[in-house]
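Each chain, letter by letter, is given below.
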Amino acid sequence: YMLYDTGRLSDDIARILNLSQIESKSYTGELETHDLVKVINRFLDKNSHHFQQSEITVSNPNGNAYPYRINLSLFDMLLMNLLTNAVKYNHASPPEIEISFELQGKKLYIYFKDNGIGIDKSQRKKIFRKFYQVGRSDDMSARGSGLGLYLVAHIAKIHKGKIQVSSQGLGKGSTFSLILPLRRLPANLNALR
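These remarks concern the structure in this document. Going along each chain's sequence as written, the residues are numbered from 1 onward. In keeping with the model being predicted, local features are shown solely for residues with a pLDDT of at least 70 and side-chain atom pairs are shown and tallied solely at 80 or more, while totals for entire chains, interfaces and linings include all residues. For side-chain calculations, the full set of non-hydrogen atoms in the structure is used, while hydrogens and water are omitted.

Here the focus is the pattern of salt bridges. In what follows, salt bridge is the name for a side-chain nitrogen of Lys or Arg lying within 4 Å of a carboxyl oxygen of Asp or Glu. Counted according to the given criterion, the structure contains 1 salt bridge. Put simply, D76 and K46 hold a salt bridge, and the shortest N to O gap is 3.2 Å. Here D76, found in helix 3 (residues 72-88), pairs with K46, found in helix 2 (residues 36-46); they are 30 residues apart in sequence, far enough to count as distant. Burial classes: relative accessible area under 20% of the type maximum marks a residue as buried, over 50% as exposed, and values in between as partly exposed (1.4 Å probe, protein chains only). Overall, D76 belongs to the buried group, its relative accessible area being 15%. Owing to a relative accessible area of 54%, K46 belongs among the exposed residues under this scheme. Secondary structure follows DSSP: runs of H or I at least 4 residues long count as helices, runs of E at least 2 residues long count as strands, and numbering of each begins at the N terminus.

This is the structure in structure tokens:
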């Protein structure tokens with residue numbers, strides 16, 4: 001329990017330090033063009049030890065590359081927060097997450113759909129507030145620092161995008177949608193990292 005709490009506190013401190021940098025008006029992270037499908041697959045390979053008890057699939061049936069200018073470390077932080085939440089707020093065995101891509105007009109939607117506990121309609125906007133936690137502190141059902149989804153929303157903004165959530169209700173899973181404006185595709189997609 002002490003090791004678990006130490007790890008949790010260390011994660012909370014790292015989130016707060018990252019948050020102060022991300023919130024500052026002077027944040028100037030370097031953006032490079034990457035194929036988002038490759039970025040997500042690389043992230044999952046590199047962090048598979050965090051999700052051993054979960055089933056995560058990446059669905060890209062048309063095989064398109066989705067080049068986008070991102071800060072790689074921030075994008076990894078966004079992915080880590082979304083995926084660990086999908087596992088943490090999940091009673092299914094195993095937790096399942098499907099990541100899929102869809103073009104709608106001039107926007108790219110990346111969906112993170114889980115089979116977790118779902119989100120009540122009254123909480124859908126609140127979960128992106130700083131320090132907001134789902135659950136109650138008196139019965140210990142509130143988990144985490146309340147910073148993860150706040151960070152996700154800010155990281156999406158830095159990348160000119162936004163994050164939304166939908167759910168059919170409690171016990172019916174959730175879908176987080178990362179919405180990014182499309183840029184012109186580079187002539188040589190093979191040059192993407």
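A cis amide bond links S93 with the next residue in sequence, P94, at an omega value of 0 degrees. Phi angles above zero are rare outside glycine, and K160 is one such case at about 65 degrees. If you trace the backbone, K160 turns up in the loop between helix 4 (148-158) and strand 6 (162-166).

Glancing now at the sheet that holds strand 7 (residues 175-181). Across a sheet, strands are paired by hydrogen bonds formed along the backbone, either parallel or antiparallel in direction. Two strands are counted as paired when DSSP detects at least two bridges linking them. In spatial order, the strands read 2-4-5-7-6; together these 5 strands make up an open sheet with mixed pairing. In this open sheet, the two edge strands, each paired with only one partner strand, are strand 2 (55-59) and strand 6. Averaged over all adjacent pairs, the angle separating strand axes in this sheet is 20 degrees, with direction ignored. Bridge count between strand 2 and strand 4 (residues 96-104): 5 bridges; the pairing is parallel. In the sheet register, T57 faces strand 4, and the bridge partner there is E98. What counts as an axis is a line fitted to C-alpha atoms, over the stretch in contact for a helix, and the angles between N-to-C directions run from 0 to 180 degrees.

Where helix 2 contacts helix 3, the axes come no closer than 11 Å and their chain directions differ by 65 degrees. Helix 2 and helix 3 meet at a crossing whose hand is right-handed. Listed contacts from helix 3 to L36, V39, I40, F43, L44 and K46 of helix 2 are L72, F75, D76, L79, M80 and L83. Along the lines of polarity and charge, the residues of the contact of helix 2 with helix 3 split into 10 nonpolar, no polar and 2 charged. Handedness of a crossing is defined here by the sense of rotation of the near helix relative to the far one, left-handed for an anticlockwise turn of less than a right angle and right-handed for a clockwise turn. By definition, residues are in contact when any of their heavy atoms lie within 4.5 Å. Residue polarity follows a fixed list, in which Ala, Val, Leu, Ile, Met, Phe, Trp, Tyr, Cys and Pro are nonpolar, Asp, Glu, Lys and Arg are charged, and the others, Gly among them, are polar.

So, on to the layout of surface pockets. Here the term cavity refers to a set of points on a 1 Å grid, laid over the protein atoms alone, in which a 1.4 Å probe fits but cannot get out; the term pocket refers to an open set having protein on both sides within 12 Å along at least five of seven lines, with lining residues being those that place an atom within 4 Å of a point. Grid points are joined across faces, edges and corners, and a volume is the space filled by probe spheres set on the points. Approximately 170 Å³ is the volume found for the second largest pocket. Along the walls of the second largest pocket sit H50, M80, T84, V87 and K88, which together make up its complete lining.

Along an α-helix, residues three or four positions apart point the same way, because every turn accommodates 3.6 residues. By the criterion of burial, helix 4 is predominantly enclosed, with 9 of the 11 residues buried. Listed in full, the buried residues belonging to helix 4 are G148, L149, Y150, L151, V152, A153, H154, I155 and A156. Where helix 4 ends, the next residue or the one after it, K160, has phi of about 65 degrees, a positive value.

Another point: the packing of helix 3 against helix 4. Put simply, helix 3 and helix 4 touch, their axes get as near as 9 Å, and they point 145 degrees apart. Seen from above, helix 3 lies across helix 4 with left-handed handedness. Where helix 3 approaches helix 4, its residues L74, M77, L78, N81, L82 and N85 are matched on the opposing element by G148, L149, L151, V152, I155, A156 and I158.

Before going further, it helps to examine the pairing of strand 4. Here strand 4 runs beside strand 5 (residues 107-114); their pairing, made up of 8 bridges, is antiparallel. Its bridge partner being in strand 5, E98 is matched across the sheet by K113. Between strand 4 and strand 5, which pair antiparallel and follow one another directly, the connecting turn spans 2 residues, one of which, G105, has a positive phi of 60 degrees.

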